[in-house]
Amino acid sequence: MKLVLITGINKGLGEALFNHLITNGNYRIIGISRGITQKQQELLKEGKFIYVKMDLLDLNNPEQDLKILEFLDKAEEVFYINNAATISPINKIGAFKNNEIKQLLHLNTFVPIVITNYLFREASGKKISIINISSGAANSPIVGWSLYCASKAANEMFFRTLKAQEEENIKINVVSIDPGVVDSGMQGIIRTVDDSVFPRVNDFIELKNKNELQTPEAAALKIIKQANLV
Ligand SMILES: NC(=O)c1ccc[n+]([C@@H]2O[C@H](COP(=O)([O-])OP(=O)(O)OC[C@H]3O[C@@H](n4cnc5c(N)ncnc54)[C@H](OP(=O)(O)O)[C@@H]3O)[C@@H](O)[C@H]2O)c1
């Protein structure tokens, strides 16, 4: 059995990835999310996927918090799509509350590192593929997005190091994929920020107005092809 673990399945890119994999792939899917859509509720009733309902800000110990060991044990191959993330708060450095810093880094960086570490411990010896949903922000500073940029850069380096660690291991595949700009709730948030804290806000408003954002479905399809998921 091929097992796919994906975080943040209820909207945006995560929902599109979920929809694609559930219709086209031959996977047992575990979705970890605070909530699910109406369609996902129906799929859940039909036993089409496994739902771990949780706020990832509460994830500290995957063994106790996720309770997915039985599925990991049965799987021949495990895929982990690190998708859930936040760009909030967008602000100037100097204006963040400590708790805001902690929460963004917890969701965006602590969670994928802890889950990956857990998978490499519990699914050791199996085929493991990590698909890290990255961002252009991992590689270029964007004023106002410092926490998001830092979290995405940290993730890329963590997964590059994992790739180097597993260089000789043909069972391990690690990729970081930048989906490009996607028409999602995250972009909606970005467009509401004042240009005094996020000077490039008008570029993003323009992308939306000119219809230049990708749909989540198109971005998901690109990722699926790039990661050889279907
Ligand atoms: N949109 C873009 O232009 C863009 C560009 C480059 C990279 N990306 C990356 O693409 C990925 C998906 O982003 P998106 O644009 O689809 O964003 P989105 O629409 O805001 O979706 C984010 C997902 O993460 C979940 N999430 C947030 N906080 C959570 C928490 N505490 N616990 C559990 N789940 C939580 C959300 O669910 P809730 O309903 O629970 O909040 C949602 O499912 C992210 O990694 C992002 O960095 C996006």
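Residues numbered from 1 in each chain as written. Predicted model: local features only at pLDDT ≥ 70, side-chain atom pairs only at ≥ 80, totals over all residues. Heavy atoms only, no water.

## Let's talk about the overall build of the protein
Tallying secondary structure elements over the protein gives 9 helices and 6 strands in all. Scaling as 2.2 N^0.38, a compact globule of 230 residues should have a C-alpha radius of gyration of about 17 Å, and the protein matches this with 17 Å. C-alpha extents for the protein along the principal axes are approximately 50 × 35 × 30 Å. In the protein, which comprises 230 residues, the share counted as buried stands at 49%. At a minimum sequence separation of 6, the contacts of the protein that also span at least 24 residues come to 70%. (Helix = DSSP H or I, 4+ residues; strand = E, 2+ residues; numbered from the N terminus. Rg over C-alpha atoms; globule rule 2.2 N^0.38 Å. Buried < 20%, exposed > 50% of the residue type's maximum accessible area, 1.4 Å probe, protein only. Contact = heavy atoms within 4.5 Å.)

## Regarding the packing of helix H1 (residues 12-24) against helix H9 (residues 216-226)
Contact pair H1 / H9: the axes reach a minimum separation of 8 Å and the direction vectors enclose 60°. The angle between H1 and H9 falls in the class oblique. In the packing of H1 onto H9, the handedness of the crossing is right-handed. Residue-level contacts link Gly12, Leu13, Ala16, Leu17, His20 and Leu21 of H1 to Pro216, Glu217, Ala219, Ala220, Leu221, Ile223 and Ile224 of H9. Looking at the contact of H1 with H9 residue by residue, the classes come out as 10 nonpolar, 2 polar and 1 charged. (Axes fitted to C-alpha atoms, helices over the stretch in contact; angles between N-to-C directions. Parallel < 35°, antiparallel > 145°, perpendicular 65-115°, else oblique. Left-handed = near helix turned anticlockwise from the far one by under 90°. Nonpolar A, V, L, I, M, F, W, Y, C, P; charged D, E, K, R; others polar.)

## Quick look at the site of the ligand
The full set close to the ligand counts 27 residues, and Asn10, Arg34, Asn83, Tyr148 and Ser184 are the nearest of them. At 2.7 Å from an oxygen atom of the ligand is found a side-chain nitrogen or oxygen belonging to Arg34. Contact between the ligand and Gly185: an oxygen atom at 3.5 Å from a main-chain N or O atom of the residue. Of all the elements in the fold, those that place two or more residues in the shell around the ligand are H1, helix H6 (146-165) and helix H7 (185-191). Sort the elements by how many residues they give to the shell around the ligand and H7 lands first, with 3 residues. Across the shell around the ligand, the residue classes tally to 13 nonpolar, 10 polar and 4 charged. (Near = heavy atom within 4 Å. Polar contact = N/O pair within 3.5 Å; in protein donor to acceptor, adjacent residues only side chain to side chain.)

## What about the environment of Val197?
Its place among the elements puts Val197 in the loop between H7 and helix H8 (201-209). Placed 136 residues apart in sequence, Val197 and Asn61 show a C-alpha to C-alpha distance of 35 Å. Beyond its immediate sequence surroundings of up to four residues, Val197 is in contact with Ile90, Asn91, Lys92, Val143 and Gly144.

## Brief notes about the sheet that holds strand S6 (residues 172-177)
The 6 strands lie next to each other as S3-S2-S1-S4-S5-S6, forming an open sheet whose pairing is parallel. At either margin of the open sheet sits one strand with a lone partner, and together these are strand S3 (50-53) and S6. Across the sheet, the axes of successive neighbouring strands diverge by a mean angle of 15°, strand direction being ignored. Relative to S6, strand S5 (residues 127-133) is paired through 6 bridges, and the arrangement is parallel. Bridging across to S6, Ile128 finds its partner in Ile172. Helix H5 (residues 98-122) contacts strand S1 (2-7), strand S2 (28-33), strand S4 (77-82), S5 and S6 of the sheet and is inclined by roughly 175° relative to S4. (Pairing = 2+ DSSP bridges.)

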